[in-house]
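Next come the chains, spelled out residue by residue.
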Amino acid sequence: MKILGIESSCDETAAAIVEDGKTLLSNVVRTQIDIHKVYGGVVPEIAARSHIEVINPVIEQALQDAHLSWDDIDGIAVTYAPGLSGSLLVGTLAARTLALLKNKPLLPIHHVEAHVYANFITGQAEHINLSLPSRQPAFPMLALIVSGGHSQLVLFKDHGDYELLGQTQDDAVGEAFDKVAKIIGLPYPGGPSIAEAALQGDSKKYPLPKAKMQGAYDFSFSGLKTAVLRAVQREVSVDTTFPSFKLPELLNDVQRKDFAASFQRVAIETLVDKAEAAFNDYSPASVVIAGGVAANQELRRELQDRLPITIEYAPMQLCTDNAAMIATLGCFYAEKVAPSSPFSLEIHPSLSMTKTAWSKPLLQN
Ligand code: KG4
Ligand code: ZN
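Each chain has its residues counted from 1, following the order in which its sequence is written. Think of it this way: whatever chain is written first is A, whatever ligand is written first is 1, and the rest follow in order. It should be noted that, the model being predicted, local features are given only for residues of pLDDT at least 70 and side-chain atom pairs only at 80 or more, the latter also being counted only at that level, while totals for whole chains, interfaces and linings use all residues. Hydrogens and water molecules were not included; the side-chain quantities draw on all heavy atoms of the structure.

Participant: How do you make sense of the sheet that holds strand S11 (residues 312-313) when you look at a structure like this?
Facilitator: Across a sheet, paired strands are connected by hydrogen bonds in the backbone, their directions being either parallel or antiparallel. In spatial order, the strands read S9-S8-S7-S10-S11; together these 5 strands make up an open sheet with mixed pairing. The open sheet has two edge strands with one neighbour each: strand S9 (161-167) and S11. Strand pairing is defined by DSSP finding a minimum of two bridges between the two strands. Under the scheme used here, helices are H or I runs from DSSP no shorter than 4 residues and strands are E runs no shorter than 2 residues, and both carry numbers assigned from the N terminus.

Participant: Would you explain the domain arrangement of the chain in this entry?
Facilitator: Accessible area lost when the parts come together is the quantity often used to give the size of an interface. Note that domain bounds follow an automatic or database assignment of domains. Under the domain assignment used here, the chain contains domain 1 (2-137 + 317-355) and domain 2 (141-311). Taking the mean C-alpha position of each, domain 1 and domain 2 sit 26 Å from one another. We call two residues contacting when some pair of their heavy atoms lies within 4.5 Å. Residue-level contacts link 23 residues of domain 1 with 25 residues of domain 2. Of the roughly 2,000 Å² buried at the junction of domain 1 and domain 2 (both faces included), carbon and sulfur atoms supply 70%. Summed over both partners, the accessible area (1.4 Å probe) lost when two parts come together is defined as the buried area. Interface area lost by domain 1 to domain 2 is led by Val116, Cys319 and Met353, which between them contribute 28%. Identification of polar contacts relies on pairs of N or O atoms within 3.5 Å, with a donor-acceptor requirement for protein atoms, meaning one able to donate a hydrogen and the other able to accept it, and with residues adjacent in sequence counted only if both atoms are side-chain atoms. Viewed at the interface, domain 2 and domain 1 are joined by 6 residue pairs in polar contact (both at pLDDT 80 or more). Taken together, the elements giving at least two residues each to the side of domain 1 that touches domain 2 come down to helix H1 (33-37), helix H4 (111-117) and helix H11 (324-336). The dominant element in the side of domain 1 that touches domain 2, judged by the number of residues it contributes, is H4, at 5 residues. Split by residue class, the side of domain 1 that touches domain 2 holds 12 nonpolar, 7 polar and 4 charged. Residues were grouped as follows: Ala, Val, Leu, Ile, Met, Phe, Trp, Tyr, Cys and Pro as nonpolar; Asp, Glu, Lys and Arg as charged; and all remaining residues, including Gly, as polar.

Participant: In this structure, what is going on with the site of ligand 1? I would like to understand it.
Facilitator: If you check the shell around ligand 1, you find 19 residues, and the closest are His115, Gly148, Asp178, Gly191 and Asn296. Residue Gly149 places a main-chain N or O atom 3.4 Å away from an oxygen atom belonging to ligand 1. Contact distances for ligand 1 include 3.0 Å between an oxygen atom and a backbone N or O atom of Asp321. Surface accessibility in these figures is a Shrake-Rupley result with a 1.4 Å probe; residues are shielded only by whichever protein chains are displayed. Protein burial of ligand 1: of its 550 Å² of free accessible surface, 87% is covered by the chains. Elements with a contribution of two residues or more to the shell around ligand 1: H4, helix H5 (173-184) and helix H6 (190-198). By convention in this text, a residue qualifies as near a molecule or strand provided that one of its non-hydrogen atoms is within 4 Å of it.

Participant: Sorry, what's going on with the packing of helix H2 (residues 44-65) against helix H3 (residues 85-102) here?
Facilitator: In a packed pair of helices, the relevant descriptors are the angle between the two axes and the axis-to-axis distance. With axes taken as lines fitted to C-alpha atoms, and helix axes fitted only over the stretch in contact, angles between N-to-C directions fall between 0 and 180 degrees. For the pair H2 and H3, interaxial distance at closest approach is 8 Å and the crossing angle is 30°. Considering their axes alone, H2 and H3 lie roughly parallel with respect to each other. Both H2 and H3 take part in a crossing whose hand is right-handed. Contact with H2, carried on its side by Ala47, Ala48, His51, Ile52, Ile55 and Ile59, involves Gly86, Ser87, Val90, Gly91, Ala94 and Leu98 of H3 and no other residues of that element. A class-by-class count of the residues in the contact of H2 with H3 yields 8 nonpolar, 4 polar and no charged. Each angle receives one of four descriptions, namely roughly parallel if under 35 degrees, roughly antiparallel if over 145, roughly perpendicular if within 65 to 115, and oblique otherwise. A clockwise turn of the near helix away from the far one marks a right-handed crossing, whereas an anticlockwise turn of less than a right angle marks a left-handed crossing.

Participant: Would you mind going over the side chain of Thr328 with me for this structure?
Facilitator: The topology assignment puts Thr328 in helix H11. Relative accessibility decides the category of a residue: with a 1.4 Å probe and only protein chains considered, values under 20% of the type maximum give buried, values over 50% give exposed, and everything between is partly exposed. You can call Thr328 buried: its relative accessible area is 0%. For Thr328, the side chain forms a polar contact with the main-chain oxygen of Ala324, separated by 2.7 Å.

Participant: What is the right way to read the sheet that holds strand S6 (residues 123-124) from this model?
Facilitator: Spatial strand order, S5-S4-S1-S2-S3-S6: 6 strands in an open sheet with mixed pairing. Edge strands, defined here as strands with exactly one partner in the open sheet, are strand S5 (106-110) and S6. Against the sheet, H2 engages strand S1 (2-7), strand S2 (12-19) and strand S3 (23-31), with an angle of about 25° to S2.

Participant: How should the packing of aromatic side chains be read in this particular structure?
Facilitator: Centre distance and the angle of the planes are the two values used to describe a pair of aromatic rings. Put simply, two rings from Phe, Tyr or Trp (the six-membered ring, in Trp's case) pair if the centres are within 6.5 Å, and we call them stacked under 30 degrees between planes, edge-to-face over 60, tilted for the rest. Using the criterion set out here, one finds 10 aromatic pairs in the structure. Centroid distance Tyr206 to Phe259: 3.7 Å. Interplanar angle 0°. Geometry classified as stacked. Of the two residues, Tyr206 sits in the loop between H6 and helix H7 (222-235) while Phe259 sits in helix H8 (residues 253-282), which places them 53 residues apart along the sequence. In this structure Phe259 comes out as buried when scored by relative accessible area, which is 0%. Joined through ring pairs, the aromatic side chains of Tyr117, Phe120, Phe139, Phe156, Tyr162 and Phe332 make up one cluster.

Participant: Explain the side chain of Gln32 to me, please; I cannot follow it from the model alone.
Facilitator: Tracing the backbone through its elements, the reader meets Gln32 in the loop between S3 and H1. Relative accessible area serves as the criterion here: at 3%, Gln32 is assigned to the buried category. Side-chain polar atoms of Gln32 contact the backbone oxygen of Ala47, separated by 3.2 Å. Apart from residues lying up to four places away in sequence, Gln32 is in contact with Cys10, Asp11, Thr13, Ala47, Ser50 and His51.

Participant: What is the right way to look at the pairing of S1 in this model?
Facilitator: As a general feature of sheets, a regular strand has side chains that alternate between the two faces. In terms of burial, S1 is largely enclosed, as 5 of its 6 residues are buried. As paired elements, S1 and S2 share 6 bridges and run antiparallel to each other. Residue Glu7 lies in a different strand from S2, and its bridge partner there is Ala14. Hairpin connection between S1 and S2: a loop of 4 residues separates the two successive antiparallel strands. Relative to strand S4 (residues 75-81), S1 runs parallel, the two being bridged by 4 bridges. The partner of Gly5 across the bridge, within S4, is Ala77.

Participant: Is there a simple way to think about H3 in this case?
Facilitator: An α-helical turn contains 3.6 residues, so a residue and the one three or four places further along point in the same direction. Helix span, as expected, comes to 1.5 Å for every residue beyond the first. The terminal C-alpha atoms of H3, which comprises 18 residues, lie 25 Å apart, in line with the 26 Å expected from a rise of 1.5 Å per residue. Of the residues making up H3, those classed as buried are Ser87, Leu88, Val90, Gly91, Thr92, Ala94, Ala95, Arg96, Leu98 and Ala99. Phi for Asn103, located one or two positions after H3, is positive at around 55°.

Rendered as structure tokens:
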């Protein structure tokens, strides 16, 4: 079964084709990072407009790269939740239109679930050169999902059968990386810039607090972000009313790198503490990390140090937003759930993973 995946929930326009839930035949990603960089974050209206401009060529490119025509495609999987409304609409409407025109089953995919499925890609066409794992993760699988919008620990018993163990009670960890980068004057997106600056910083220079949570597997990152803000203000000798956008110019390079390293250490320890607790309580057969923050080398190293089994993660390009993960999940989804109507599939901008369409297809004619 060959599934075309379409992703447009945030600031990447992507299309990919995956065969049988494991082999990547093409993977096209157009990122808008350069467009949003000047604003220090994603501007939703600009994101939606940019998706419109490139969605059709991106889909065409995915078919071309895979040397396939529409006749070879068995279904269209599209991110319908969660994400920015305008952005989700572009991908979903493109998928609905194509499903009608080309007479293909339409598969609505949850973006956060799909991040986990990047770990199921174990094969690739010759023209793709990713360093892929040799086998798919085994169930029960503990997934630490860490992105710009989500931070959660999920126990998968099988495809489409999972339990949300815990999640952030405020900011997502990627969001914290992005906001802290802004405070200390590092470019957007903050995750990679902080990771790079942290390589030369002293991670013990600034003591920062780790949040204590009620739920055994819950996270919080908003307090950590505020603690960085206060520590920066103290460091450059201004009071708490001093505007944060003026702080970067008062920091020198050494201070910036030390703040990046100190923040990154505590943010990662927070994630790893909870993942380790869940591992000990549930004894999963595999542990995967997924989402943009899973690209962080320090997180991979620290989690591996703490767990007795080999943790699994996808190559960097499949950790951040892409359509390969959408198409992969689409293959498994198609086996269990009836397709949705191309006439009525709606977007769900804030659908959490507790209300997935897997067990209860919400979206029938
Ligand atoms: O999964 P993703 O591409 O989009 C969402 O679904 O949110 O994740 C984007 C997030 C951003 O917050 C970005 O700063 C973060 O992932 N990120 C990283 C790294 N690369 C991307 N965070 C930490 N370290 C990285 N190397
Ligand atoms: Zn994502």
